[in-house]
Amino acid sequence: MSTTKLDSGQLHIWLAGVARKDAAAFKSLYETTSPKLFGFALRILVKRELAEEVLQESFVNIWNNAASYQSSLAAPMTWMTTIVRNRAFDLLRRLDHDVEIDADNFDMDVVHALESGELTPIQSLEMTQDAQALASCMSRLEGLHRQAMALAFYHDLSHSEVAEQMKLPMGTVKTWIRRGLDKLRTCLGKMELA
(Lines give C-alpha, C1' and ligand atoms only; values in the text may rest on other atoms or scores of the structure.)
Protein backbone atom coordinates (compact mmCIF):
# COMPACT_ATOMS: atom_id res chain seq x y z
CA MET A 1 0.00 0.00 0.00
CA SER A 2 1.35 3.41 -0.84
CA THR A 3 2.08 6.01 1.77
CA THR A 4 -0.19 8.57 0.15
CA LYS A 5 -3.24 9.77 2.01
CA LEU A 6 -6.13 7.33 1.84
CA ASP A 7 -9.05 8.66 -0.20
CA SER A 8 -11.60 9.49 2.49
CA GLY A 9 -14.34 9.90 -0.10
CA GLN A 10 -13.74 6.41 -1.44
CA LEU A 11 -13.69 5.02 2.10
CA HIS A 12 -17.09 6.68 2.72
CA ILE A 13 -18.46 5.01 -0.42
CA TRP A 14 -17.16 1.59 0.61
CA LEU A 15 -18.49 1.99 4.16
CA ALA A 16 -21.90 2.88 2.76
CA GLY A 17 -21.69 -0.27 0.65
CA VAL A 18 -20.72 -2.35 3.69
CA ALA A 19 -23.73 -0.89 5.53
CA ARG A 20 -25.84 -2.41 2.70
CA LYS A 21 -23.93 -5.72 3.18
CA ASP A 22 -22.12 -5.31 -0.17
CA ALA A 23 -19.36 -7.95 -0.09
CA ALA A 24 -17.38 -6.30 -2.92
CA ALA A 25 -17.30 -2.98 -1.05
CA PHE A 26 -16.19 -4.80 2.09
CA LYS A 27 -13.39 -6.55 0.19
CA SER A 28 -12.16 -3.24 -1.24
CA LEU A 29 -12.34 -1.56 2.18
CA TYR A 30 -10.44 -4.46 3.77
CA GLU A 31 -7.72 -4.60 1.10
CA THR A 32 -7.15 -0.85 1.27
CA THR A 33 -7.19 -0.29 5.02
CA SER A 34 -6.12 -3.58 6.62
CA PRO A 35 -2.33 -3.04 6.27
CA LYS A 36 -2.45 0.21 8.23
CA LEU A 37 -4.98 -1.08 10.75
CA PHE A 38 -2.92 -4.24 11.27
CA GLY A 39 0.19 -2.11 11.87
CA PHE A 40 -1.75 -0.06 14.39
CA ALA A 41 -2.94 -3.20 16.24
CA LEU A 42 0.58 -4.60 16.17
CA ARG A 43 1.96 -1.46 17.83
CA ILE A 44 -0.45 -1.96 20.72
CA LEU A 45 -0.28 -5.73 21.06
CA VAL A 46 3.30 -6.42 19.86
CA LYS A 47 2.50 -10.07 19.07
CA ARG A 48 1.59 -10.72 15.46
CA GLU A 49 -1.01 -13.43 16.21
CA LEU A 50 -2.82 -11.14 18.67
CA ALA A 51 -2.83 -8.29 16.15
CA GLU A 52 -4.23 -10.65 13.50
CA GLU A 53 -6.99 -11.75 15.90
CA VAL A 54 -7.89 -8.13 16.70
CA LEU A 55 -7.87 -7.17 13.02
CA GLN A 56 -10.26 -10.03 12.22
CA GLU A 57 -12.59 -9.11 15.12
CA SER A 58 -12.43 -5.45 14.10
CA PHE A 59 -13.50 -6.16 10.53
CA VAL A 60 -16.37 -8.32 11.78
CA ASN A 61 -17.35 -5.33 13.92
CA ILE A 62 -17.01 -2.98 10.92
CA TRP A 63 -19.20 -5.33 8.82
CA ASN A 64 -21.85 -5.50 11.56
CA ASN A 65 -21.80 -1.81 12.49
CA ALA A 66 -21.12 0.06 9.25
CA ALA A 67 -24.73 1.25 9.20
CA SER A 68 -24.13 3.08 12.49
CA TYR A 69 -21.10 4.97 11.14
CA GLN A 70 -21.69 8.74 11.23
CA SER A 71 -19.41 10.78 9.01
CA SER A 72 -20.23 13.90 11.05
CA LEU A 73 -18.50 12.33 14.09
CA ALA A 74 -15.31 10.93 12.53
CA ALA A 75 -13.48 10.27 9.29
CA PRO A 76 -13.77 6.65 8.09
CA MET A 77 -10.16 5.77 8.99
CA THR A 78 -10.55 7.39 12.41
CA TRP A 79 -13.72 5.38 13.06
CA MET A 80 -12.09 2.12 12.02
CA THR A 81 -8.91 2.88 14.00
CA THR A 82 -11.05 3.48 17.09
CA ILE A 83 -12.64 0.05 16.62
CA VAL A 84 -9.21 -1.58 16.31
CA ARG A 85 -7.91 0.31 19.36
CA ASN A 86 -10.91 -0.69 21.48
CA ARG A 87 -10.65 -4.34 20.39
CA ALA A 88 -6.92 -4.36 21.17
CA PHE A 89 -7.47 -2.95 24.66
CA ASP A 90 -10.34 -5.39 25.26
CA LEU A 91 -8.00 -8.24 24.34
CA LEU A 92 -5.29 -6.93 26.67
CA ARG A 93 -7.83 -6.76 29.50
CA ARG A 94 -9.01 -10.30 28.74
CA LEU A 95 -5.44 -11.55 28.82
CA ASP A 96 -4.98 -9.62 32.09
CA HIS A 97 -1.74 -8.05 30.94
CA ASP A 98 -0.19 -5.35 33.05
CA VAL A 99 0.59 -3.25 30.03
CA GLU A 100 1.21 0.46 29.90
CA ILE A 101 -1.17 1.86 27.33
CA ASP A 102 0.61 2.77 24.12
CA ALA A 103 0.28 6.51 24.06
CA ASP A 104 -0.19 6.58 20.31
CA ASN A 105 -3.77 5.53 20.91
CA PHE A 106 -4.51 8.72 22.81
CA ASP A 107 -2.98 11.06 20.30
CA MET A 108 -5.15 11.72 17.29
CA ASP A 109 -2.06 12.90 15.42
CA VAL A 110 -1.22 9.22 15.13
CA VAL A 111 -4.58 8.53 13.52
CA HIS A 112 -3.85 11.31 11.04
CA ALA A 113 -0.45 9.74 10.43
CA LEU A 114 -2.23 6.49 9.58
CA GLU A 115 -4.20 8.39 6.96
CA SER A 116 -1.14 10.13 5.57
CA GLY A 117 2.45 9.16 4.96
CA GLU A 118 3.75 12.71 5.12
CA LEU A 119 5.64 12.53 8.44
CA THR A 120 9.38 12.07 8.41
CA PRO A 121 10.91 9.41 10.70
CA ILE A 122 12.12 12.16 13.06
CA GLN A 123 8.64 13.72 13.22
CA SER A 124 7.16 10.29 13.88
CA LEU A 125 9.60 9.70 16.73
CA GLU A 126 8.84 13.10 18.29
CA MET A 127 5.12 12.46 17.94
CA THR A 128 5.51 9.06 19.59
CA GLN A 129 7.42 10.57 22.52
CA ASP A 130 4.78 13.27 22.97
CA ALA A 131 2.03 10.68 22.72
CA GLN A 132 3.72 8.47 25.32
CA ALA A 133 3.88 11.42 27.70
CA LEU A 134 0.20 12.15 27.07
CA ALA A 135 -0.81 8.50 27.60
CA SER A 136 1.17 8.33 30.81
CA CYS A 137 -0.63 11.43 32.09
CA MET A 138 -4.02 10.16 30.84
CA SER A 139 -3.52 6.89 32.70
CA ARG A 140 -3.24 8.86 35.97
CA LEU A 141 -6.76 10.25 35.62
CA GLU A 142 -9.63 8.49 37.37
CA GLY A 143 -11.44 6.01 35.10
CA LEU A 144 -14.67 7.93 34.47
CA HIS A 145 -12.81 11.24 34.12
CA ARG A 146 -10.49 9.63 31.56
CA GLN A 147 -13.50 8.22 29.71
CA ALA A 148 -15.16 11.66 29.56
CA MET A 149 -11.92 13.20 28.25
CA ALA A 150 -11.52 10.47 25.63
CA LEU A 151 -15.09 10.86 24.39
CA ALA A 152 -14.73 14.63 24.15
CA PHE A 153 -11.32 14.80 22.51
CA TYR A 154 -10.66 11.53 20.71
CA HIS A 155 -14.21 10.98 19.53
CA ASP A 156 -14.90 14.70 19.11
CA LEU A 157 -18.16 14.63 21.08
CA SER A 158 -19.69 17.77 22.58
CA HIS A 159 -20.14 18.06 26.35
CA SER A 160 -23.84 17.30 25.95
CA GLU A 161 -23.10 14.22 23.80
CA VAL A 162 -20.58 12.99 26.40
CA ALA A 163 -23.16 13.54 29.16
CA GLU A 164 -25.79 11.66 27.17
CA GLN A 165 -23.44 8.76 26.39
CA MET A 166 -22.22 8.47 29.99
CA LYS A 167 -25.71 9.06 31.44
CA LEU A 168 -24.43 11.93 33.61
CA PRO A 169 -25.47 15.56 34.17
CA MET A 170 -23.77 17.96 31.74
CA GLY A 171 -22.38 20.04 34.64
CA THR A 172 -20.58 16.97 35.99
CA VAL A 173 -19.07 16.21 32.58
CA LYS A 174 -17.91 19.82 32.11
CA THR A 175 -16.29 19.81 35.56
CA TRP A 176 -14.55 16.48 34.94
CA ILE A 177 -13.21 17.61 31.58
CA ARG A 178 -12.02 20.96 32.94
CA ARG A 179 -10.29 19.29 35.90
CA GLY A 180 -8.88 16.59 33.63
CA LEU A 181 -7.34 19.21 31.35
CA ASP A 182 -5.81 20.97 34.34
CA LYS A 183 -4.33 17.68 35.59
CA LEU A 184 -2.96 16.88 32.12
CA ARG A 185 -1.34 20.33 31.83
CA THR A 186 0.29 19.92 35.24
CA CYS A 187 1.47 16.37 34.51
CA LEU A 188 2.86 17.24 31.05
CA GLY A 189 4.55 20.32 32.51
CA LYS A 190 6.32 18.18 35.11
CA MET A 191 7.44 15.75 32.41
CA GLU A 192 8.94 18.59 30.33
CA LEU A 193 10.92 19.74 33.36
CA ALA A 194 12.19 16.21 34.11
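Residues numbered from 1 in each chain as written. Predicted model: local features only at pLDDT ≥ 70, side-chain atom pairs only at ≥ 80, totals over all residues. Heavy atoms only, no water.

Novice: Quick question: what am I supposed to make of the nonpolar core here?
Specialist: Here is a general trend for soluble globular proteins: nonpolar side chains tend to be buried in one another's company. Counting residues in each nonpolar core, the largest one holds 31 residues, and the members touching the most others are Leu-29, Leu-45, Ile-62 and Trp-79. Every element with two or more residues in this core is listed here: helix H1 (8–19), helix H2 (23–45), helix H3 (48–65) and helix H4 (76–94). Non-local contacts of Leu-29, meaning those with residues more than four positions away in its chain, are made with Leu-11, Trp-14, Leu-15, Val-18, Ser-34, Ile-62 and Met-80. Of all hydrophobic cores here, the second largest spans 17 residues; its members include Met-138, Leu-157, Trp-176 and Cys-187. (Core = buried A, V, L, I, M, F, W, Y, C linked by side-chain atoms within 4.5 Å. Buried < 20%, exposed > 50% of the residue type's maximum accessible area, 1.4 Å probe, protein only. Helix = DSSP H or I, 4+ residues; strand = E, 2+ residues; numbered from the N terminus. Contact = heavy atoms within 4.5 Å.)

Novice: Help me understand the state of the cysteines in this model?
Specialist: Disulfides are covalent bonds that link the sulfur atoms of two cysteine residues. One pass over the structure, following the stated rule, counts one disulfide. Here Cys-137 engages in a disulfide with Cys-187; their sulfurs sit 2.0 Å apart. On the sign convention where negative means left-handed, the S-S torsion of about -85° between Cys-137 and Cys-187 marks this disulfide as left-handed. A residue pair is termed long-range when its members are at least 10 positions apart, and Cys-137 in helix H6 (residues 121–139) and Cys-187 in helix H9 (residues 170–193) qualify at 50 residues. Note on Cys-137: relative accessible area 2%, which makes it buried. (Disulfide = S-S within 2.5 Å.)

Novice: Teacher, can you tell me more about the pattern of salt bridges here?
Specialist: Pairing of side chains with opposite charge becomes possible as their charged atoms draw close. What the rule picks out here adds up to four salt bridges. One salt bridge connects Arg-48 with Glu-52, and the closest N-O pair in it is separated by 3.6 Å. Of this pair, Arg-48 and Glu-52 both sit in helix H3, four residues apart, which is roughly one turn of that helix. On the accessibility criterion, Arg-48 (48% relative accessible area) is partly exposed. Of the charged contacts in the structure, one is a salt bridge between Asp-182 and Arg-185, with a shortest N-O distance of 2.9 Å. (Salt bridge = Lys/Arg side-chain N within 4 Å of Asp/Glu carboxyl O.)

Novice: Would you take a moment to explain unusual backbone geometry for this structure?
Specialist: Positive phi is not limited to glycine here, since Lys-21 has a value of about 65°. Following the sequence through the fold, Lys-21 ends up in the loop between H1 and H2. The phi dihedral of Val-46 falls on the positive side, at around 70°, and the residue is not glycine. Take Val-46: it is sitting in the loop between H2 and H3. Accessibility expressed as a relative area gives 65% for Val-46, which makes it exposed.

Novice: What should I look at first to understand the confidence of the model for the protein in this one?
Specialist: Close reading of the predicted structure is inappropriate where its pLDDT is low. Looking at the protein, pLDDT values average 78 and 76% of them are 70 or higher. Scored below 50 in pLDDT, residues 97–107 shows 26 contacts in the model against residues more than four places distant or in partner chains. (pLDDT = per-residue confidence, 0-100.)

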